[in-house]
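So the chains spell out like this:
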Amino acid sequence: MYLDEVLYPAYFKNGFGKILKTEIDLYVFHGFLLKELDECYLQRDENHQENKVQIKYLELDKQILYNLASKANISIARFSTLLENDYNVFCNGTALDYKAQLHKIIQNKRFELNFEKKKTIRISVVNPILRQLLIKEINLQDGTPDFSFNKDILDIEFVDFLQLLGATDSFYEHFRDKLENQNKIDSNESKELSNVQRLKKFLTNASSRLVPQIISFLLEFAIQYVTSS
């Protein structure tokens, strides 16, 4: 049992009983996840040793999170905090494929384009680990993640979202004619601009009439990602 392997030795590590309650909570919560999660959400090593199990944190959807919170008899907010802490301690910096989750969000159409005023996209992000990773990545590319609308709804600049997906070049190629036409109209357009800069300039003037075409692009891009994975 996981708790036998980690909690018992912890009681003797610094002299019997000299263990913080927060440390006990950490081990017990991790043991709770290992016990309650179905095997499809656990990745074991070749020897199937329980203490070498990696939880597939990003695979935990809204229903699973709420079910686990209910079993633990705590609020979803408290559970989310514990889960984030668990990930930060036990994931040990392991790279997680957040892009795969973004493609699932696209495929499941859990997004909304807002092109009336700002050129942004709103995506549903319930998983606290995915939220943490996206905030980090958006900040690294000098973007601004916005959860002010709803704590489970991320509102970001559309170009920032394309960068998260790694889809800037594909988007540029797909809408090349429209981009080039826009560049001809704008006499100040510099040939030195990167694709990302051109996209930002293009989207600044893009009307909501482009939204259906952009949605089609996103759905096609997501399908191609899954097919090639």
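About the thresholds
- Sequence order as written defines residue numbering, which begins from 1 separately in each chain.
- At least 70 in pLDDT is required for a residue's local features to be given in this predicted model, at least 80 for side-chain atom pairs to be given and counted, and no such filter applies to totals for whole chains, interfaces and linings, which use all residues.
- With hydrogens and water excluded, all non-hydrogen atoms of the structure serve as input to the side-chain values.
- A run of H or I in DSSP counts as a helix once it spans at least four residues, and a run of E counts as a strand once it spans at least two, with each numbered from the N terminus.
- Burial here depends on accessible area, computed with a 1.4 Å probe over protein chains only, as a share of the maximum for the residue type. Under 20% is buried, over 50% is exposed, and the range in between is partly exposed.
- What makes two residues a contact is simply this: any of their non-hydrogen atoms within 4.5 Å.
- Reported accessibility uses the Shrake-Rupley method at a 1.4 Å probe radius. Residues are deemed covered only where the shown protein chains occlude them.
- To estimate the expected span of a helix, count its residues, drop one, and scale the result by 1.5 Å.
- Here the arc refers to the directions that run from the helix axis out to each C-beta atom.
- In this scheme, strands are said to pair when DSSP sees at least two bridges between them.
- Under this scheme, a helix contributes an axis fitted over its contacting stretch, all axes are lines through C-alpha atoms, and angles between N-to-C directions fall in the 0 to 180 degree range.
- A cavity here means a set of points on a 1 Å grid, drawn over the protein atoms and nothing else, where a 1.4 Å probe fits but cannot get out; a pocket is an open set with protein on both sides within 12 Å along at least five of seven lines, and a residue lines either one if it has an atom within 4 Å of a point.
- Grid points are joined across faces, edges and corners, and a volume is the space filled by probe spheres set on the points.
- Polar here means any residue outside two lists: the nonpolar Ala, Val, Leu, Ile, Met, Phe, Trp, Tyr, Cys and Pro, and the charged Asp, Glu, Lys and Arg; Gly therefore counts as polar.
- One side-chain nitrogen of Lys or Arg within 4 Å of one carboxyl oxygen of Asp or Glu is enough to make a salt bridge.
- Buried Ala, Val, Leu, Ile, Met, Phe, Trp, Tyr and Cys residues that are joined via side-chain atoms within 4.5 Å together make up what is termed a nonpolar core.
- Patch membership needs two things, relative accessible area over 30% and no salt bridge, and members are linked within 9 Å if like-charged or within 5 Å if nonpolar (Val, Leu, Ile, Met, Phe, Trp, Tyr).

Participant: Report on the overall build of the protein, specifying residues and quantitative values.
Facilitator: Within the protein one finds 11 helices and six strands. Taken over 229 residues, the protein has a buried fraction of 41%. Look at the contacts in the protein between residues 6 or more apart in sequence, and 62% of them connect residues 24 or more apart. A total of about 13,500 Å² of accessible surface is found on the protein, and carbon and sulfur atoms cover 49% of it.

Participant: Can you lay out helix α1 (residues 2–13) for me, pointing to particular residues and giving the numbers?
Facilitator: Here α1 contains 12 residues, and its C-alpha end-to-end distance of 17 Å stays within 8% of the 16 Å for a straight helix at 1.5 Å per residue. Within the span of α1, buried status applies to Tyr 2, Val 6, Leu 7 and Ala 10. Buried residues of α1 fall within an arc of 85° about the axis and therefore sit on the same side. Turned more than 90 degrees off the buried face of α1, the exposed positions are Asp 4 and Tyr 8. Of the residues flanking the end of α1, it is Gly 15, one or two places downstream, whose phi is positive at about 100°.

Participant: Tell me about the sheet that holds strand β5 (residues 146–150), residues and numbers included.
Facilitator: Read across the open sheet, the four strands follow the order β3-β4-β6-β5; overall the sheet is antiparallel. Both edges of this open sheet fall to β3 (111–114) and β5, since each of them pairs with a single strand only. Direction aside, the axes of adjacent strands within the sheet are offset by 30° on average. Sheet analysis places β3 next to strand β4 (residues 120–124), joined by four bridges and oriented antiparallel. Its bridge partner being in β4, Glu 112 is matched across the sheet by Arg 122.

Participant: Kindly report on the layout of surface pockets, identifying the contributing residues and their values.
Facilitator: If you add up the space inside the largest pocket, you get close to 300 Å³. As for the largest pocket, its lining consists of 16 residues, of which Leu 60, Asp 61, Lys 62, Gln 101 and Arg 110 are closest to the centre. Here the lining of the largest pocket gets three residues from one element, more than from any other, and that element is helix α5 (residues 98–107). Residues of the lining of the largest pocket, tallied by class, amount to seven nonpolar, four polar and five charged.

Participant: Would you mind going over the pattern of salt bridges in detail, with residue names and values included?
Facilitator: Per the stated rule, a full pass over the model turns up nine salt bridges. For Lys 118, the salt bridge identified is with Asp 155, shortest N-O distance 3.7 Å. Of the two residues, Lys 118 sits in the loop between β3 and β4 while Asp 155 sits in strand β6 (residues 153–157), which places them 37 residues apart along the sequence. In this structure, Asp 155 and Arg 122 form a salt bridge, with 3.8 Å as the shortest nitrogen-oxygen distance. With a gap of 33 residues between them, Asp 155 in strand β6 and Arg 122 in strand β4 connect regions that are remote in the sequence. Ionic contacts of the salt-bridge type, sharing partners, join the residues Lys 35, Glu 36 and Lys 71 into one network.

Participant: So, the nonpolar core: which residues are in play, and what are the values?
Facilitator: Among the nonpolar cores identified, the biggest contains 69 residues, and Ile 123, Phe 158, Phe 161, Phe 171, Ile 214 and Leu 218 are the most heavily contacted of them. The residues contacting Ile 214, other than those within four sequence positions of it, are Leu 113, Phe 115, Phe 158, Phe 171, Phe 175 and Leu 203.

Participant: Which residues make up the side chain of Asp 160, and what values go with them?
Facilitator: Position of Asp 160 among the secondary structure elements: in helix α7 (residues 158–165). Residue contacts for Asp 160: discarding those within four places in its chain leaves Gln 141, Gly 143 and Thr 144.

Participant: Talk me through a nonpolar patch on the surface; I want residue IDs and the actual numbers.
Facilitator: Taken together, Tyr 8, Phe 12 and Phe 16 make up a surface patch of nonpolar side chains, about 400 Å² in accessible area. Structurally, the position occupied by Tyr 8 is in helix α1. Looking at Tyr 8, the relative accessible area reads 57%, which means it is exposed.

Participant: A description of the pairing of β5 should follow, citing residues and the corresponding values.
Facilitator: Strand direction decides the pairing type here: β5 and β6, joined by two bridges, are antiparallel. Counted as the bridge partner of Asp 146 is Asp 155 from β6. Between the antiparallel neighbours β5 and β6 lie two residues.

Participant: Any details on α7? Residues and values, ideally.
Facilitator: Judged by how many residues are buried, α7 sits mostly within the fold: seven of eight residues are covered. Among the residues making up α7, those that are buried are Phe 158, Val 159, Asp 160, Phe 161, Leu 162, Leu 164 and Leu 165. Positive backbone phi, approximately 75°, marks Gly 166, located one or two places after α7.

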